[in-house]
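Chain by chain, the residues:
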Amino acid sequence: MKILLQTILLAASLFVFGTAAADTPPAHAAHAPSADKVTAAREAVRDLWTDHIFWVRDVVMATAAKNASERKTGEAQVVANAKQIAGVVGAYYGKAAGDQMFTLLAGHWGAIKGYLDATYANDENARNKAFKDLNDNAAAIATFLSGANPNLPKDTLLALLTAHGAHHVTQITEVHAGDYDKEAANWAAMRTHMNTIADALVGGIAKQFPDKF
């Protein structure tokens, strides 16, 4: 899994930096987005994606500790956070798009939870299915967002989202094994990667809707 994650992260980096020069020109080139407003939006969206991994990690730790109450609270926060992220999409693309994003994020969370539960049940078949579901969902999100915004290439998004899913899987595996030193290093990488995803999304939206920044 470590080799797979490193390969995915390398691919994501190549896509992000390799496609930067080929970005689609802004839809309204006459108006340049405000750098301050883009920065503020970037920080806000970074916080949302960081909250996503924070609460998922909370569920993972609660599961390891067999703390049902903490897990229940964490799960509720994961869902609440997904609604907030979907709300950002809805703010620019309309309620239907926001609802679709929430459905996709629910699928992302469902696959993570499936992998988590299968790991603690020692169910290899269920774990493999959850892993496939996680990657299929990454492809669905990439297709949805790239279809809405030409500044967000599908391959770039797919690489970023697949790497994100691999981080979750690695975290679950490491916590289950009690390897907390490795999990701490993975957690640091997860936080950095969330910033990369947030920055890509905000950058693409700002290019598409410069008049809103």
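Just so you know, these numbers come straight off a predicted model, no measurement behind them. (Residues numbered from 1 in each chain as written. Predicted model: local features only at pLDDT ≥ 70, side-chain atom pairs only at ≥ 80, totals over all residues. Heavy atoms only, no water.)

### A short note on helix 6 (residues 154–177)
For helix 6, built from 24 residues, the straight-helix expectation of 34 Å at 1.5 Å per residue is met to within 8% by its first-to-last C-alpha distance of 34 Å. With 18 of its 24 residues buried, helix 6 lies for the most part within the structure. A positive phi of about 75° marks glycine 178, the residue just after helix 6. (Helix = DSSP H or I, 4+ residues; strand = E, 2+ residues; numbered from the N terminus. Expected span 1.5 Å × (residues − 1). Buried < 20%, exposed > 50% of the residue type's maximum accessible area, 1.4 Å probe, protein only.)

### Here's the deal with empty space enclosed by the protein
Per the stated rule, a full pass over the model turns up four cavities of 30 Å³ or more. Here the largest cavity is characterised by a volume of approximately 120 Å³. Looking at the largest cavity, it is lined by 14 residues, and the ones nearest its centre are Ile85, Val88, Val89, Leu201 and Ile205. For the lining of the largest cavity, the secondary-structure elements that each account for two or more residues are helix 2 (35–64), helix 3 (68–93) and helix 7 (180–208). Of all the elements, helix 3 adds the most residues to the lining of the largest cavity, at four residues. The residue inventory of the lining of the largest cavity, partitioned by class, reads 13 nonpolar, one polar and no charged. Contributing to the lining of the second largest cavity are Trp49, Leu105, His108, Leu134, Asn135, Asn137, Ala138, Ile141, Leu161, Thr162, His164 and Gly165. For the lining of the second largest cavity, the elements supplying multiple residues, two or more each, are helix 4 (95–120), helix 5 (124–148) and helix 6. For the lining of the second largest cavity, the residue count by class is six nonpolar, six polar and no charged. (1 Å grid on protein atoms, 1.4 Å probe; cavity = no way out; pocket = protein on both sides within 12 Å on 5 of 7 lines; lining within 4 Å. Points joined across faces, edges and corners; volume = space filled by probe spheres on them. Nonpolar A, V, L, I, M, F, W, Y, C, P; charged D, E, K, R; others polar.)

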